[in-house]
Amino acid sequence: MDALAITPSGPRVLYAGGSAGVFTSADGGKTWHAANNGLVPDPFERKIRRYEGWIFSLTVHPLDPDLMYAGGVTSSWRSTDGGDHWTRFQSGRLDIAVDPQDPRALYAPNQQWRYRDQQLVATPVVPTEDSVVKSTDGGLSWSPSGLQLPGGLHVDRIVVNSGDPRVLFATTSRDWVFEAMYRSTDGGATWRTTGLKSTWVSTVSPDPRDPDTVYVETWAKNDDSQILKSTDGGDTWWPLFRQADMRAHEPGLLPLDPAQPSTLYVGSDAGLLKSTDAGATWHRLGSGVASPVNSIAVDPRHPGIAYAGLNQGGVVKKVRGRWHPINHGLGETGVEDVAVDPYRSGVVYAAAHTGLFKTTDGGQNWRRVLDPRRHWDPASRRFGADAVTVAGPTTVYATISRGGRWFLWKSVDRGASWRRLARHTLSTGEGLWKNVDRGASSRRLGRNTLLTGDGHPLAAGAADPETVYVAGRSGLAMSTDGGATWHDAGLAGSRITAIAVHPQLADTVYAGTAAGLFTSTNAGQTWQRAGDGLAQAHVTAVATDPEQGGRVYAATMNQVLWSDDSGETWNRFDTRLPPRTFNALAATRTGMIYVGSFNGGGIVQLRTSARTPRP
């Protein structure tokens, strides 16, 4: 999602824009449907007009909620019926700002983006040296509006104060790097620079009741973001989130409520945050997860308890319907994988960017049980744990990466000590030999399986803790003796993104790849490609039902499916969400599944039909 707009008629009517066009919700975001009539072309036209229909900006007029503007990559669109129908009114894209007191008054940068010779090119809207243009007839014609910038500078965004339309802000950049923010107090006739310093400014939110107060969301050179505030028209700035326990990763400032401008909302990896005193203090809202999710695990003894590893923000735990962070001893680092010990209550492992961690009290306290820095040079460019699986009452496997190389480790004492099984490659026996010259010489194929970090490439059979599967760049490797020896388990040349083993049958394994889902019932000797919608899909996650062996779940880039016949036929869940990338799955024995999203963030709970009675 690249744009979000809320109608002034009520907070339950929302619009979202992105690569699939415009979506609208009439119930506060619970359900969504496409609103692309006249906006998104047919597939043939899309091939001709590249990027057409991709929406980057949405604007709803505060006096007329039926009047909307949408900015795409190569066109600008207008709707006069609340998004039911769209018409193109500008062949080049404009980032439009509306006068909140005059529906026909518009401001825009004096540049329209067109797609030429395989690249986006900025051309002027009107032949003038002014960098901002104004329209008083709803965009039919444009005239200069005061601001003249040095050569090479572009105006990226214009924002009008909804309480005082004479106050405008304009952000500028040079070669996609933020240069300065300008302010006008006379409707764009004159401008002055503010004191804002940053690498990039993504959001500008003026206080509608105080023309001197303004909030901005900025990005720094280290890819970190923060919310800044000014009470003197932008001359001086200071950061919000001075509370140590409320410092948020990648905070996103949501639009201000004109009726309550001192109430602020910020979405972040720490969840949804709210301030009722203009940013002086903050508290968390709701029970959801807003940040990108890497992995989800369910406590098999207590299906109502689940854990999720976040891309930034550590681990969150769901108890009594609410998600909350549990990072004491772990920190708010990135967590690639989480695994719940099914044999001991409260024992959870977390594969984090800073090593492998374990908790024995349900996440109240964590300690590192496998530290890459003890075995390698701490100056290495990258190291961390990438996947973890509990294979038996005392057996745990984990993969560790360093500098692009992958290592497989095993513990037989619940993580107290570890032994390295493989370093970057797994020897898979004599392998397959190929002859190309009638016996004069032979070449061995598949001798070693190169370990990779795509997805969650590690799984163990619940029915046999000595059976473990590891994904490699040249296929799948399998061990039936706890990692002492390995053999080739097929799928040579496939990019394997996920593995799941049948809960009762260790020889039945599911492998998600970038080219579909595959099933084997003989430990990888032969494989069958799944049918229906998964035949050629990019599968991002796979999970099996903990009790019903024939039920399997799969996620792709934008959909979630389930099968009740071991993958022969598939049913699609109706998530009722805008397109997003689903990449984490966890199933409970009650029929509920958790689905995590990386691109779009958050966790969705889905339920299949009534469960099959147990014999």
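What you are looking at is a predicted structure, and each value in this text was computed from that prediction instead of being measured.

Asker: Lay out the sheet that holds strand 6 (residues 68-72) in plain terms, naming residues and giving numbers.
Answerer: Pairing is antiparallel across the open sheet formed by four strands, whose spatial order is 5-6-7-8. The sheet is open, and its two borders are formed by strand 5 (55-60) and strand 8 (87-90), each paired with just one other strand. Each neighbouring strand pair of the sheet contributes to a mean axis angle of 30°, computed without reference to strand direction. With four bridges joining them, strand 6 and strand 7 (residues 76-79) adopt antiparallel strand pairing.

Asker: Please give an account of the pairing of strand 47 (residues 496-501) that cites residues and values.
Answerer: Burial analysis of strand 47 places six of its six residues in the buried class, the great majority of the element. Strand direction decides the pairing type here: strand 47 and strand 48 (residues 509-513), joined by five bridges, are antiparallel. The residue of strand 48 that forms the bridge with Val501 is Val509.

Asker: Outline the sheet that holds strand 50 (residues 528-529), supporting the account with residue identities and numerical values.
Answerer: With respect to topology, four strands assemble into an open sheet ordered 47-48-49-50, the strand pairing being antiparallel. A single partner strand is all that each edge strand has here, and the edge strands are strand 47 and strand 50. Here two bridges tie strand 49 (residues 516-520) to strand 50, and the two strands are oriented antiparallel to one another. Note on strand 50: the bridge partner recorded for Thr519 is Gln528.

Asker: So what's going on with the packing of aromatic side chains? Which residues, and what values?
Answerer: Per the counting criterion, the structure on display carries three aromatic pairs. On the basis of an interplanar angle of 70° and a centroid distance of 5.8 Å, the ring pair of Tyr69 and Phe89 is categorised as edge-to-face. Of this pair, Tyr69 sits in strand 6 while Phe89 sits in strand 8, and the two are 20 residues apart along the sequence. Each of the two residues, Tyr69 as well as Phe89, counts as buried. Each ring, one from Trp323 and one from Tyr594, has its centre 6.1 Å from the other, and the planes form 85°; the classification is edge-to-face. Placement of the pair is Trp323 in strand 30 (residues 322-325) and Tyr594 in strand 56 (residues 592-599), with a sequence separation of 271 residues.

Each value, and the rule that gives it
- Residues numbered from 1 in each chain as written.
- Predicted model: local features only at pLDDT ≥ 70, side-chain atom pairs only at ≥ 80, totals over all residues.
- Heavy atoms only, no water.
- Pairing = 2+ DSSP bridges.
- Helix = DSSP H or I, 4+ residues; strand = E, 2+ residues; numbered from the N terminus.
- Axes fitted to C-alpha atoms, helices over the stretch in contact; angles between N-to-C directions.
- Buried < 20%, exposed > 50% of the residue type's maximum accessible area, 1.4 Å probe, protein only.
- Phe/Tyr/Trp six-rings, centres within 6.5 Å; stacked < 30°, edge-to-face > 60°.

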